[in-house]
Amino acid sequence: MCDRCKSKPNSDGYPLLELGPWAKNKLHYLRYYSSLFTNGMKSRWPETVYLDLFAGPGLCTVRGTGETIQGSPMIALSQMPPFTHYVFVDSDESHINSLNARSQSINAASEKLILPGNCNNSEIINKIVNFIPPNALCLAFIDPFTWDIDFKTLRALTGSRRVDIILVFQIGGIKRAIESNTTSLDQFFGDDGKWRKLVANALPNQRTRSLLDHYRHQLSSLGYLGQQYPTEVSVVNTKNVPLYYMVFATKHPRGQDFWQKAIHHSATGTRTLPGF
Ligand SMILES: C[S@@+](CC[C@H](N)C(=O)[O-])C[C@H]1O[C@@H](n2cnc3c(N)ncnc32)[C@H](O)[C@@H]1O
């Protein structure tokens, strides 16, 4: 079992991934966006695909509360109307086994591809690309614990396709990685290490903004729209410190409208301010 899962299994016999209370906001934005996406697009796009590259076991528990909540895969599977296709990837075998069991009876009519392994692996990417129908509209949710999503993976999955992206940008971990000058950020930004110069030139209080802008700039090289207004939303801890940003990217203005609606309210009902 993964060391982030609660040692006592859920009543269904499978593990629960333990998340901080702030994760409820992250999942709320995903739920809201998915609902606008499947409802708003059903008449225009006969095939819709949900891609979850860091899927987890399907159900989670909120640390310190005992509350069980749906993880991103179950949120996507519960949408009405459902996506016509689902792809779930996780590198942890026990998460994949749990997800296989938990997703079996939900949306039986939708096609599902559940893959154990690293989502950056070329064989996994090929399987996903072959599974996606040629004219489908897709939503990719990318929720790593770190920054373990290579930019080339995004390029391979989104090239010549309509894929909206919601990506959890782990700003705290990324800033710590910058201090250790890691090369793993080269793969994340996909920029041959240009981020180093950017960080060196940014004032300390502008670092977060410049890293987010740089990532968005990279996304625009894949055909994603430039932003008319800030589209990332911060998810904060109990001390109001941003833990991560949810970066959104789309190739269509309608996607931007949906995202603005989705981030307008947090899970607690309070109005959120996108960006800073
Ligand atoms: C933050 S959790 C995802 C939580 C999930 N989105 C949810 O809402 O329940 C990150 C997941 O990514 C998996 N993981 C870590 N590195 C991975 C990789 N390179 N490829 C695929 N999955 C990975 C972990 O096993 C873990 O289940």
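Everything discussed here concerns the structure shown above.
Residues numbered from 1 in each chain as written. Predicted model: local features only at pLDDT ≥ 70, side-chain atom pairs only at ≥ 80, totals over all residues. Heavy atoms only, no water.

A. The arrangement of the overall build of the protein chain in detail. For the protein chain, the helix and strand inventory stands at 10 helices and 10 strands. The C-alpha radius of gyration computed for the protein chain amounts to 18 Å, which stays within 12% of the reference 19 Å derived for 276 residues, consistent with globular compactness. With the C-alpha coordinates of the protein chain rotated into their principal frame, the extents come out at 55 × 45 × 40 Å. Scored against the burial criterion, the 276 residues of the protein chain give a buried share of 52%. Of all intrachain contacts in the protein chain linking residues separated by at least 6 positions in sequence, the fraction that spans at least 24 positions is 73%. Summing over all exposed atoms, the protein chain offers an accessible surface of approximately 12,500 Å²; the carbon and sulfur share of this is 51%. One finds the centroid of the 29 positive side-chain charges in the protein chain at a distance of 6 Å from the centroid of its 22 negative side-chain charges. (Helix = DSSP H or I, 4+ residues; strand = E, 2+ residues; numbered from the N terminus. Rg over C-alpha atoms; globule rule 2.2 N^0.38 Å. Buried < 20%, exposed > 50% of the residue type's maximum accessible area, 1.4 Å probe, protein only. Contact = heavy atoms within 4.5 Å. Areas by Shrake-Rupley, 256 points an atom, 1.4 Å probe, with all protein chains shown as cover. Lys, Arg positive; Asp, Glu negative; His and termini not counted. Charge placed at Lys NZ, Arg CZ, Asp CG, Glu CD.)

B. Up close: the pairing of strand 2 (residues 48–52). Of all 5 residues in strand 2, 5 are buried; the element is thus mostly enclosed. Residues Thr48, Tyr50 and Asp52 of strand 2 are buried on one face, and the alternating residues Val49 and Leu51, pointing to the opposite face, are buried as well. Relative to strand 7 (residues 137–142), strand 2 runs parallel, the two being bridged by 5 bridges. Following the sheet pairing, Leu51 is matched in strand 7 by Ala140. Relative to strand 5 (residues 85–90), strand 2 runs parallel, the two being bridged by 4 bridges. (Pairing = 2+ DSSP bridges.)

C. Looking closely at the pattern of salt bridges. Applying the stated rule across the entire model yields 11 salt bridges. Here Arg207 ties to Glu179 by a salt bridge, and the two come within 3.2 Å at their closest N and O atoms. Here Arg207, found in helix 9 (residues 207–220), pairs with Glu179, found in helix 6 (residues 171–179); they are 28 residues apart in sequence, far enough to count as distant. Arg207 sits in the partly exposed class, given a relative accessible area of 23%. The salt bridge partner of Arg209 is Asp213, with a shortest N-O separation of 3.1 Å. With Arg209 and Asp213 both in helix 9, this residue pair falls 4 residues apart, about one helical turn. Of the residues examined, Asp213 reaches a relative accessible area of 34% and is grouped as partly exposed. Through salt bridges with shared partners, a single network forms among Arg209, Asp213, Arg216 and Glu232. (Salt bridge = Lys/Arg side-chain N within 4 Å of Asp/Glu carboxyl O.)

D. Looking closely at the site of the ligand. Every one of the 20 residues lining the ligand counts as a neighbour, but Ser72, Asp90, His95, Asp143 and Asp148 are closest to it. Within the backbone of Ser91, an N or O atom sits 3.1 Å from a nitrogen atom of the ligand. At 3.0 Å, a backbone N or O of Cys119 approaches a nitrogen atom of the ligand. Contact with the protein chains hides 93% of the accessible area of the ligand, taken as 610 Å² for the molecule alone. (Near = heavy atom within 4 Å. Polar contact = N/O pair within 3.5 Å; in protein donor to acceptor, adjacent residues only side chain to side chain.)

E. Focus on the side chain of Thr231. Relative to the assigned elements, Thr231 resides in the loop between helix 9 and strand 9 (233–236). Dropping the residues within four chain positions of it, Thr231 is found in contact with Arg216, Met246, Phe248, Trp259, Gln260 and Ile263.

F. Quick look at the sheet that holds strand 10 (residues 242–249). One open sheet accounts for 7 strands, arranged 6-5-2-7-8-10-9; its pairing is mixed. The strands lining the two open edges of the sheet, one partner per strand, are strand 6 (111–116) and strand 9. Across this sheet, the average inter-strand angle for adjacent strands is 15 degrees, counted without regard to direction. Where strand 8 (residues 162–169) lies against strand 10, 5 bridges are found, and the strand directions are antiparallel. The residue of strand 10 that forms the bridge with Leu167 is Val247. Each of strand 8, strand 9 and strand 10 touches helix 10 (residues 253–262); the most contacted strand, strand 10, lies at about 150 degrees to it. (Axes fitted to C-alpha atoms, helices over the stretch in contact; angles between N-to-C directions.)

G. Quick look at the packing of helix 6 against helix 9. With their axes 11 Å apart at the nearest point, helix 6 and helix 9 run at an angle of 100 degrees to one another. By the criterion of interaxial angle, the relationship of helix 6 to helix 9 is roughly perpendicular. Residues Ile171, Ile174, Lys175, Ile178 and Glu179 of helix 6 lie in contact with helix 9, whose contacting residues are Arg207, Thr208 and Leu211. Looking at the contact of helix 6 with helix 9 residue by residue, the classes come out as 4 nonpolar, 1 polar and 3 charged. (Parallel < 35°, antiparallel > 145°, perpendicular 65-115°, else oblique. Nonpolar A, V, L, I, M, F, W, Y, C, P; charged D, E, K, R; others polar.)

H. Summary view of helix 10. Within the span of helix 10, buried status applies to Gly255, Gln256, Phe258, Trp259 and Ala262. Projected down its long axis, helix 10 carries its buried residues within an arc of 160 degrees, all on one side. Against the buried residues of helix 10 lie helix 1 (23–41), strand 8, strand 9 and strand 10. (Arc of directions from axis to C-beta.)

I. Here's a closer look at unusual backbone geometry. The amide bond that connects Met80 to the next residue, Pro81, takes the cis arrangement and shows omega of 0 degrees. Take Pro81: it is sitting in the loop between helix 2 (72–77) and strand 5. In the Ramachandran plot, Asp192 falls in the positive-phi region, its phi being about 55 degrees despite a non-glycine side chain. By the secondary structure assignment, Asp192 is in the loop between helix 7 (184–189) and helix 8 (195–201). Although it is not a glycine, Asn240 sits at a positive phi angle of roughly 70 degrees.

By themselves, these observations are geometric and do not establish any function.
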